[in-house]
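Summary of structural features
Okay, here's what each chain looks like letter by letter:
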2 protein chains.
Amino acid sequence: MMNYQTYFTSALDHLQAERRYRVFADIERQAGRFPQAIWHSPEGPRPITVWCSNDYLGMGQNRDVTRAMVEAAWRLGTGAGGTRNISGNSHPVVELEAELADLHGKEAALVFTSGYVSNQTGISTLAKLIPGCLILSDALNHNSMIEGVRQSGCDKVIFRHNDLEHLEELLRAAGDRPKLIVFESVYSMDGDISPIHAICDLAERYSAMTYIDEVHAVGMYGPRGGGIAEREQAMHRIDVIEGTLGKAFGVMGGYLTGTKAVMDAIRSFAPGFIFTTALPPAVAAAATASIRHLKASSEERQKQQRQVARTKQVLSGLGLPIMDTVTHIVPVMVGNAEACKAASDRLLEKHGIYIQPINYPTVPRGTERLRITPGPFHTDAHVNALGAALVEVWTALRLPLEPKVQAAE
Amino acid sequence: MMNYQTYFTSALDHLQAERRYRVFADIERQAGRFPQAIWHSPEGPRPITVWCSNDYLGMGQNRDVTRAMVEAAWRLGTGAGGTRNISGNSHPVVELEAELADLHGKEAALVFTSGYVSNQTGISTLAKLIPGCLILSDALNHNSMIEGVRQSGCDKVIFRHNDLEHLEELLRAAGDRPKLIVFESVYSMDGDISPIHAICDLAERYSAMTYIDEVHAVGMYGPRGGGIAEREQAMHRIDVIEGTLGKAFGVMGGYLTGTKAVMDAIRSFAPGFIFTTALPPAVAAAATASIRHLKASSEERQKQQRQVARTKQVLSGLGLPIMDTVTHIVPVMVGNAEACKAASDRLLEKHGIYIQPINYPTVPRGTERLRITPGPFHTDAHVNALGAALVEVWTALRLPLEPKVQAAE
C-alpha cells in the first residue's frame, strides 16, 4: 500500500522549515467589550486585546445587529434549508439584496456565502459570458480574484499595481476585443488605494467593463459606507462592485452589485452560487441591520479614523517602522518570517496583545509584517499600551527602531 | 462604447427560450411550525407547506440549536471578524471541529464556509499535494466535486456511476501512480447510494486514497448520524469524509475529516480555506449543538424514515411516477422542463405546496423532476394532502399516471 501520509507530512515539514507553518490562536471575543477577548492559551484562558480584527468597526457587537440575528433565528430557524433555488431563498436574503443595491446605487445585488466565493465565481462567470474577453488584472489583487480570473479560462494580462500607464498600454494593445478590468479599492496588506476615476477614464476610452473589490472599504468610507467609490463619487462609473458582509459589517457573506442583467446572468450561470446552500436568514437579517445602521451613522467611521490617526502618530513617534498608508490599515514592517512570528508571539504572551504575523503567501517574502487595524473601540489607553509593548518587543528582538525614537525621547 | 449588456441579456434570453430560467420563491419558514412557511407571492403573503427542504430533519427549528446560536451571538458577537489565521479562529469553531472528528471517528476535522467550498478547495488541494495523482471520479458527482477535480489540474478519469467493474478497469489501467477515488454516499437527485465497502476494497487492492461526500447522509444515517459510512461500519476505511452543516444539521457550513496530517495540510495550503472569513461563532455553536443532539437522539431519524416510507407508499399507490429509492429522497419524474415548471407552479399557486422544479443542469435533460424530501415534521395529513394535490396537477397537465392508480381506486 502506498503511504499517502508522507506526501502531507513532508509538505508540512517544508512549511515548518520555512517558518511559515501557521498556528491559529483560539480566541473568544467578548461582545460589549471589544476589543477585549479571551485567549485559550496552552496554559488556560487569558484576557487579551485584539489589534488585528477585520470587524473593523466592531459592528459584530452592535446590539441592533445582534438583535436582528437573534430575532430571525427564533422566527425563521438557524439555517436556510437549501440553495437559493431550492427552498433556501428566505425573505431576509431578498431584503438584504435590495439594501445592498441601494447602498451602491445599482439596479440589483446578489449575495454569496463569502466574499471569496463572490469574487471567484462572480469574475469567472462574468468573463465566461463575454465571448473573447480579455481580463486586465491588478498585480496585487486578492487570491479570490486571481482564482476567479483563472477559472474563467479567459486570456488575462496583469498590470503593475495601480500603474495607469501600464494599464493603458495593455488596453491599447488589446485592440477591439471585449475587456474586463478587475481591481480593488483598498489593498488590504499595504493599505493603499487605487485611482478609481482614472481607471474608469481608461475603461471608457478603451471600452472596457470594470469590476472593483471594495471588501476593505464598504461600511468605512463614503457618507453612507458605500466604500471608496462612494467617497469619490465614482460608483456609477463602475459596472460591478463587490463587497463583503464579514468585515466592517461584522457578520458573514459576500456580494456583487450591478445592473439587473448582469446580476441575473451571474445568478443563473455561476456554479458557486447555484449549487450552494443560501446564507441563513439570521445572518442576512443581521447584515441588513448593520448596513442600515452604517448608512445612517457616521459615528463609527469618525471614531475609527480618529484612532487610526492616533495609532499612526504614536507608533511613528516611537520610531516603529510603520508603512505610510491613507487608510485604516497600519502595517508595521518586520521583513522576515521568523522575526515576524517571534514578535507576534511575544506580544501575545508577554503583553496580552493579539496581532497575527502576516507572512508569505499573504504578502511577498521579505515584506513580512504585523498588520494593525485600529477601530472605534480602541481607547487612547489601548493605543499607548500598544506602542509601549511594540517598543519592548522590538528592543527584545533587536529589531531596528528608526532614529526619531531617540529624538522623541 | 461596446454594449456589454447584450452579452448578458442574450444569455438570459437563451435560458428563457429553453424554459430553464429560474425564479426563486421568496419564503419565510416558521420556526416551531415546520414544514409550514409564508410565501411572499406577487399577490401578497400566503401560507404554504414546504416539501423540498434540505433541512431534512427540521433541526433548524430545534430549540437547543437556536439557543446555542443566540447565546453565542450575544456573548461573542455576530461575526468571526477575520480569517481563521487572522483573529477569526473562535473557540466555538475549535469545539465544532473536535465534535466532527469524533462523529466520524477521525483524528481531525476542518470547517469551511460551505460544503461547496470544502469539496472545491479540499479536493483540489489534496490532489495537488500528491505528485502525479490521478483522480477517479464518479460520473454523477456534484458540481462542487467536479470543480475541485478541475482546479487540481491533475489527470482525471470518470467512472460510470457506481460501476465497480469500470472503476476497477480504470484503477488497473492507471498502474503504480498515486490515485484518489472521489465519490458520494447518497446521490441527491436520484436518491441512490454507492457501494462503499466495495469501493474501499478496490482502493485497497489498487492502493488508492478515498474521498467521500456524505452531505446528503450526515445526521440521517448511522446510529450517531455519522452517515451511510457509519451505518455500514466503513468510516475507518475512508481517508477523507466530507459533510455539511447546512442540510440535516440545519445550520450552515461544510467540513472535512481525516488524519491530522491530511487536515493540517489542507488547512495550510487550501486557498479557499486560508483566504476567507471564518464561520461566525454563533453558526459554529449552533452546528455543534445540532451534531450533539443527533449523536444522542434517533427520534428524528426514525420519524423521518417513517414519513419517507409513507410518502413513497401513498404516492406510488396513486400511480404517481416516483423513482424507487433506498433513501429519504423521493423524486417524481416529469421528463421535460416546461411541464416540470408548470407542475411546480400549479402546486404552489393552487395547493400551497412548495416543491421546486429540478431542471438541467442540476439533472440531465429529459429527466426533469419534482424532488420531494419528507421529514419528521410532515404529518400523515400532510402526506395525504400532497398525494391529492399531485394527482390533481398530473390530471390537469395531462401527465401520465401509472395503471395501478386505477387498480387502487
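Computed from a predicted model, the values in this text were never measured in an experiment.

Regarding the sheet that holds strand β2 (residues 36-41) of chain A
Residues and elements named next belong to chain A. Taking strand neighbours across the sheet as the criterion, the 4 strands line up as β1-β2-β3-β14 in an open arrangement whose pairing is mixed. Looking at which strands have only one partner, the edges of the open sheet turn out to be β1 (27-29) and β14 (353-354). Pairing between strand β3 (residues 44-50) and β14: 2 bridges, direction parallel. Bridged to Val-50 within β14 is Tyr-354.

What to know about the relation of the copies chain B and chain A
The operation relating chain B to chain A is a screw motion whose rotation component is 180°, with 0.0 Å of axial translation and a residual RMSD of 0.0 Å. The superposition operator between the copies reduces to a two-fold rotation axis. When C-alpha distances to the rotation axis are compared across chain B, the minimum falls at Val-70 of chain B, with a value of 2.7 Å. Most of the interface of chain B is mirrored in chain A, where 100% of its interface residues again form contacts.

As for the interface of chain B and chain A
Across the contact, 106 residues belong to chain B and 106 residues belong to chain A. A buried area of about 9,000 Å², summed over both sides, lies between chain B and chain A, and 62% of it is on carbon and sulfur atoms. It is Phe-24, Trp-74 and Phe-275 of chain B that lose the most area in chain B upon contact with chain A, and together they represent 9% of the buried surface on that side. At the boundary of chain B with chain A, the tally comes to 2 salt bridges. Of the charged contacts in the structure, one is a salt bridge between Glu-28 of chain B and Arg-75 of chain A, with a shortest N-O distance of 2.7 Å. Counting across the interface, chain B meets chain A through 43 residue pairs in polar contact (both at pLDDT 80 or more). Counting residues per element, the side of chain B that touches chain A draws most heavily on helix α2 (residues 63-76) of chain B, which supplies 10 residues. Its residues placed into classes, the side of chain B that touches chain A shows 55 nonpolar, 34 polar and 17 charged.

Quick look at the pattern of salt bridges
Residues and elements named next belong to chain B. Overall, the coordinates contain 54 salt bridges over all chains when judged by the stated rule. One salt bridge in this structure joins Glu-338 and Arg-19, with 3.1 Å as the shortest N-O distance. Linking Glu-338 in helix α14 (residues 337-351) with Arg-19 in the loop between α1 (5-17) and β1 (27-29), this pair joins segments that are 319 residues apart in sequence. Classification of Arg-19 by relative accessible area gives partly exposed; the value is 42%.

A word on the packing of aromatic side chains
How two aromatic rings sit relative to each other is set out by the distance from centre to centre and by the angle between their planes. As enumerated under the stated definition, the model contains 6 aromatic pairs over all chains in all. Seen from their ring centres, Tyr-4 of chain A and Tyr-7 of chain A are 6.1 Å apart, and the 55° between their planes marks the pair as tilted. Tyr-4 of chain A sits in the buried class, given a relative accessible area of 5%. Tyr-7 of chain A gets classed as partly exposed once you look at its relative accessible area, which sits at 22%. Measuring from ring centre to ring centre gives 5.5 Å for Phe-112 of chain B and Phe-273 of chain B, while their planes differ by 70°; the resulting arrangement is edge-to-face. With a gap of 161 residues between them, Phe-112 of chain B in strand β4 (residues 108-112) and Phe-273 of chain B in helix α11 (residues 271-274) connect regions that are remote in the sequence. Members of the aromatic cluster, each reached through a chain of ring pairs, are Phe-24 of chain A together with Phe-112 and Phe-273 of chain B. Here the guanidinium or amino end of Arg-267 of chain B rests over the ring plane of Tyr-21 of chain A, the centre of that ring lying 5.1 Å away. The positively charged end of Arg-267 of chain B is found above the aromatic ring belonging to Phe-24 of chain A, 4.6 Å away from the centroid.

Comments concerning the nonpolar core
Counting residues in each nonpolar core, the largest one holds 124 residues, and the members touching the most others are Ile-181 and Leu-245 of chain A together with Ile-181 and Leu-245 of chain B. Setting aside residues up to four positions removed in sequence, Leu-245 of chain A forms contacts with Leu-96, Leu-100, Val-111, Gly-250, Val-251, Met-252, Gly-253, Gly-254, Tyr-255, Leu-279, Ala-287 and Ile-291 of chain A.

Looking at the pairing of strand β5 (residues 134-138) of chain B
Residue and element names in this part refer to chain B. Within β5, 5 of the 5 residues are buried, which leaves it mostly tucked inside the rest of the structure. In β5, alternate side chains face the same way, and those of Leu-134, Leu-136 and Asp-138 on one face and Ile-135 and Ser-137 on the other are all buried. Bridge count between β5 and strand β6 (residues 155-159): 5 bridges; the pairing is parallel. Bridge assignment links Leu-134 to a residue of β6, and that residue is Asp-155.

Remarks on the side chain of Arg-369 of chain A
Here Arg-369 of chain A lies in strand β16 (residues 369-372). A distance of 3.0 Å separates the side chain of Arg-369 of chain A from the backbone oxygen of Thr-367 of chain A, its partner in a polar contact.

Some points on the sheet that holds strand β12 (residues 254-258) of chain B
All names here are of chain B. Taking strand neighbours across the sheet as the criterion, the 7 strands line up as β4-β12-β11-β10-β7-β5-β6 in an open arrangement whose pairing is mixed. At either margin of the open sheet sits one strand with a lone partner, and together these are β4 and β6. On average, each strand axis in the sheet is tilted by 20° relative to the strand beside it, whichever way the strands run. When strand β7 (residues 179-184) meets strand β10 (residues 209-213), the two strands line up parallel, connected through 5 bridges. Across the sheet, the residue bridging to Val-182 is Tyr-211, located in β10.

Brief notes about unusual backbone geometry
Residue and element names in this part refer to chain B. A cis amide bond links Phe-34 to the next residue, Pro-35, at an omega of 5°. Along the chain, the position of Pro-35 falls in the loop between β1 and β2 (36-41). A cis amide bond links Tyr-360 to the next residue, Pro-361, at an omega of 10°. Along the polypeptide, Pro-361 turns up in the loop between β15 (357-358) and β16 (369-372). At Arg-19, a residue that is not glycine, the phi angle is positive and equals roughly 60°. If you check the backbone angles, Ser-207 has positive phi at about 55° while not being a glycine. Classification of Ser-207 as buried rests on a relative accessible area of 13%.

Brief notes about the confidence of the model for chain A
Here chain A shows a mean pLDDT of 96. Residues at 70 or above account for 98%. In the model output, the complex is listed with pTM 0.96 alongside ipTM 0.96.

Regarding the packing of helix α5 (residues 115-128) of chain B against helix α10 (residues 260-269) of chain B
Residue and element names in this part refer to chain B. Closest axis-to-axis distance for the α5/α10 pair is 10 Å, and the angle between their directions is 105°. Here α5 is positioned roughly perpendicular relative to α10, judged by the angle of their axes. From α5, Gly-122, Thr-125 and Leu-126 reach across to α10, where they touch Val-262, Ile-266 and Phe-269. Of the residues belonging to the contact of α5 with α10, the class tally is 4 nonpolar, 2 polar and no charged.

Quick word on the environment of Glu-204 of chain B
Residue and element names in this part refer to chain B. Following the sequence through the fold, Glu-204 ends up in helix α8 (residues 196-205). Under the relative-accessibility criterion, Glu-204 is labelled partly exposed at 46%. Along the chain, Glu-204 and Arg-237 lie 33 residues apart, while their C-alpha atoms are 9.0 Å from each other. A polar contact is formed between the side chain of Glu-204 and the side chain of Arg-237, at a distance of 3.3 Å.

Examining the packing of helix α2 (residues 63-76) of chain A against helix α12 (residues 281-296) of chain A
Residues and elements named next belong to chain A. Two elements in contact, α2 and α12, have axes whose closest approach is 7 Å; the angle formed by their N-to-C orientations is 150°. Looking at the two axes, α2 sits roughly antiparallel to α12. α2 and α12 meet at a crossing whose hand is right-handed. Two secondary-structure elements touch here, α2 through Asp-64, Val-65, Ala-68, Met-69, Ala-72, Ala-73 and Leu-76 and α12 through Pro-281, Ala-282, Val-283, Ala-285, Ala-286, Ala-289, Ser-290 and His-293. Tallied by class, the residues present in the contact of α2 with α12 amount to 12 nonpolar, 2 polar and 1 charged.

The rules behind the values
Every residue gets a number counted from 1 within its own chain, in the order that chain's sequence is written. Following the order in which they are written, the chains are lettered starting with A and the ligands numbered starting with 1. Only residues with pLDDT of 70 or above have their local features reported here, since the model is predicted, and side-chain atom pairs are shown and tallied only from 80 upward, although totals for entire chains, interfaces and linings are computed over all residues. To get the side-chain values, take all heavy atoms of the structure and skip hydrogens and water. Here, strands pair whenever DSSP counts at least two bridges between them. Numbering of helices and strands runs from the N terminus, with a helix taken as a DSSP run of H or I at least four residues long and a strand as a DSSP run of E at least two residues long. Copies overlap after least-squares fitting; the atoms used are the C-alpha atoms of residues with pLDDT of at least 70 in both. Residues count as neighbours in contact if any of their non-hydrogen atoms are within 4.5 Å of one another. The term buried area refers to how much accessible surface (probe radius 1.4 Å) is lost by two components on association, counted for both of them together. Salt bridge criterion: a side-chain nitrogen from Lys or Arg within 4 Å of a carboxyl oxygen from Asp or Glu. By the criterion applied in these results, polar contacts are pairs of N or O atoms within 3.5 Å in which, for protein atoms, one can donate a hydrogen and the other can accept it, and in which residues neighboring in sequence qualify only through two side-chain atoms. Under the grouping applied here, Gly and all other residues not named as nonpolar or charged are polar, the nonpolar ones being Ala, Val, Leu, Ile, Met, Phe, Trp, Tyr, Cys and Pro and the charged ones Asp, Glu, Lys and Arg. Think of it in three bands: with a 1.4 Å probe and only protein chains considered, a residue is buried below 20% of the maximum accessible area for its type, exposed above 50%, and partly exposed in between. The aromatic pairing rule takes the rings of Phe, Tyr and Trp, using the six-membered ring of Trp, and pairs them if the centres are within 6.5 Å, calling planes under 30 degrees apart stacked, those over 60 edge-to-face and the rest tilted. In this scheme, Lys NZ or Arg CZ marks a charge over a ring once it lies within 6 Å of the ring centre and within 35 degrees of the ring normal. We define the nonpolar core as a collection of buried residues of types Ala, Val, Leu, Ile, Met, Phe, Trp, Tyr and Cys that are connected through side-chain atoms lying within 4.5 Å of one another. For helices, the axis comes from a line fit to the C-alpha atoms of the stretch in contact; other axes are also lines fit to C-alpha atoms, and the angle between any two N-to-C directions lies between 0 and 180 degrees. Every residue gets a pLDDT, meaning the predictor's confidence in that residue, from 0 to 100. Between 65 and 115 degrees an angle is taken as roughly perpendicular, under 35 as roughly parallel, over 145 as roughly antiparallel, and anywhere else as oblique. Take the far helix as your reference; a near helix turned counterclockwise from it by less than a right angle gives a left-handed crossing, and one turned clockwise gives a right-handed crossing.

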